Amino acid sequence: MAEMDPSIWFRRDIGPYLTDDSRFVYNQWGGIAEEDLPLHLHNIRDKAWRLSKYPCIGLWIFLLPGMGAFPQFPTLLARSQQPNSIVLDIGCGLGQELRLFAAHGVPTDRMWAVDIEPGLWTLGYDLFRDAGRMKARFIERDFRTLPDEAFHDLVASKRVVGLSKPGTMLVGSQQGRLQAEEYQWPWGVMFHHNLESFIRLWDEVQRKTNTRWTVDARMADVPEFGVQEEDISWMLEDKQWIRFVITRVA
Ligand SMILES: C[S@@+](CC[C@H](N)C(=O)[O-])C[C@H]1O[C@@H](n2cnc3c(N)ncnc32)[C@H](O)[C@@H]1O
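Residues numbered from 1 in each chain as written. Predicted model: local features only at pLDDT ≥ 70, side-chain atom pairs only at ≥ 80, totals over all residues. Heavy atoms only, no water.

Some points on the sheet that holds strand E7 (residues 213–220)
So, point 1. If you walk across this open sheet you meet the 3 strands as E4-E8-E7, and the pairing is antiparallel. Either end of the sheet is taken by a strand with one partner, and the two such strands are strand E4 (169–177) and E7. For this sheet, the mean inter-axis angle between neighbouring strands, taken without regard to orientation, is 20°.
So, point 2. One ladder, built from 9 bridges, connects E4 with strand E8 (residues 239–248); its direction is antiparallel. Counterpart to serine 173 in the pairing with E8 is arginine 243.
So, point 3. Each of E4, E7 and E8 touches helix H8 (residues 195–209); the most contacted strand, E7, lies at about 165° to it. (Pairing = 2+ DSSP bridges. Helix = DSSP H or I, 4+ residues; strand = E, 2+ residues; numbered from the N terminus. Axes fitted to C-alpha atoms, helices over the stretch in contact; angles between N-to-C directions. Contact = heavy atoms within 4.5 Å.)

Here we look at empty space enclosed by the protein
So, point 1. A complete count under the given rule lists 1 cavity of 30 Å³ or more for this structure.
So, point 2. A volume near 90 Å³ is recorded for the largest cavity.
So, point 3. Taken together, Ser22, Val25, Tyr26, Phe62, Leu63, Leu64, Pro65, Gln96, Glu97, Leu100 and Phe128 make up the lining of the largest cavity.
So, point 4. Contributing elements (two or more residues each) for the lining of the largest cavity: helix H1 (20–28) and helix H5 (96–103). (1 Å grid on protein atoms, 1.4 Å probe; cavity = no way out; pocket = protein on both sides within 12 Å on 5 of 7 lines; lining within 4 Å. Points joined across faces, edges and corners; volume = space filled by probe spheres on them.)

With respect to the sheet that holds strand E1 (residues 87–90)
So, point 1. In space, the 3 strands of this open sheet follow the order E1-E2-E3, with parallel pairing throughout. Strands with a single pairing partner mark the edges of an open sheet, and in this sheet they are E1 and strand E3 (137–140). The average angle at which neighbouring strand axes cross in this sheet is 15°, direction not considered.
So, point 2. As paired elements, E1 and strand E2 (residues 111–115) share 4 bridges and run parallel to each other. Bridging from a neighbouring strand, leucine 88 pairs with tryptophan 112 of E2.
So, point 3. Against the sheet, H5 touches E1 and E2, its axis set at about 165° to E2.

Some remarks on helix H2 (residues 37–51)
So, point 1. The terminal C-alpha atoms of H2, which comprises 15 residues, lie 21 Å apart, in line with the 21 Å expected from a rise of 1.5 Å per residue.
So, point 2. All of the buried residues along H2 are Leu37, His40, Leu41, Ile44, Arg45, Ala48 and Trp49. The arc that holds every buried residue of H2, seen down its axis, measures 160°, which confines them to one face. Facing away from the buried side of H2 by over 90 degrees, the exposed positions are Leu39 and Arg50.
So, point 3. Of the surrounding elements, those touching the buried residues of H2 are H1, helix H3 (55–58) and helix H6 (118–127). (Expected span 1.5 Å × (residues − 1). Buried < 20%, exposed > 50% of the residue type's maximum accessible area, 1.4 Å probe, protein only. Arc of directions from axis to C-beta.)

Next comes the structure, spelled out in structure tokens:
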């Protein structure tokens, strides 16, 4: 792979990435006044970029509504507001998804966050000005346990299954491709699923773990998420995005 310069996924200005949904979280949960928000976001984003050169940071994608854009968000919210429910964010980065739930009244002491880079999580306290209020427990960890990289997705999914019980919902999105294939990015190797390979993976997970799940997965063009076309020219030609809600039924 030709060396990629991370500056191609760095955008100086916030542009259209600060939506009303995320303003709500920063105002409501962070208590940050509207007029202070742009400078505040620039300060934290630039610190985060020095830590991790991910497109979601450089391109302000962390400001987009994330889970809030899922049609299932009201269901997720209702579920997470039930007593004894647990919200777990794997690869949480700055932790903005958990703050979205917090802003909607979900108690943070029932939240868990996992990331290999603890600096991002720590910066999240500054981003949302909630040190002392954000009670989610953070675990610094590489989510993979087995060394066999070729089966990374299967290993990770089986580990998630191990943490689940009937009723657990797994919700997320990831970069996919029309042609399922792995790709070496500067931040690591990613296997980009297409819909068929993603569903096959979950068939296999169910078989191997003896559990039953309903898999609601669909492919979308990236711009549907609010990402600007001009910011993703560096992505692969056949790029897609997979959005999934997977619910354990037995
Ligand atoms: C693309 S960022 C997404 C961050 C956040 N979920 C968001 O939507 O903005 C991927 C995150 O996963 C973390 N990560 C990457 N590999 C990981 C691993 N093996 N175990 C735990 N976290 C990992 C990175 O440190 C980074 O914060």
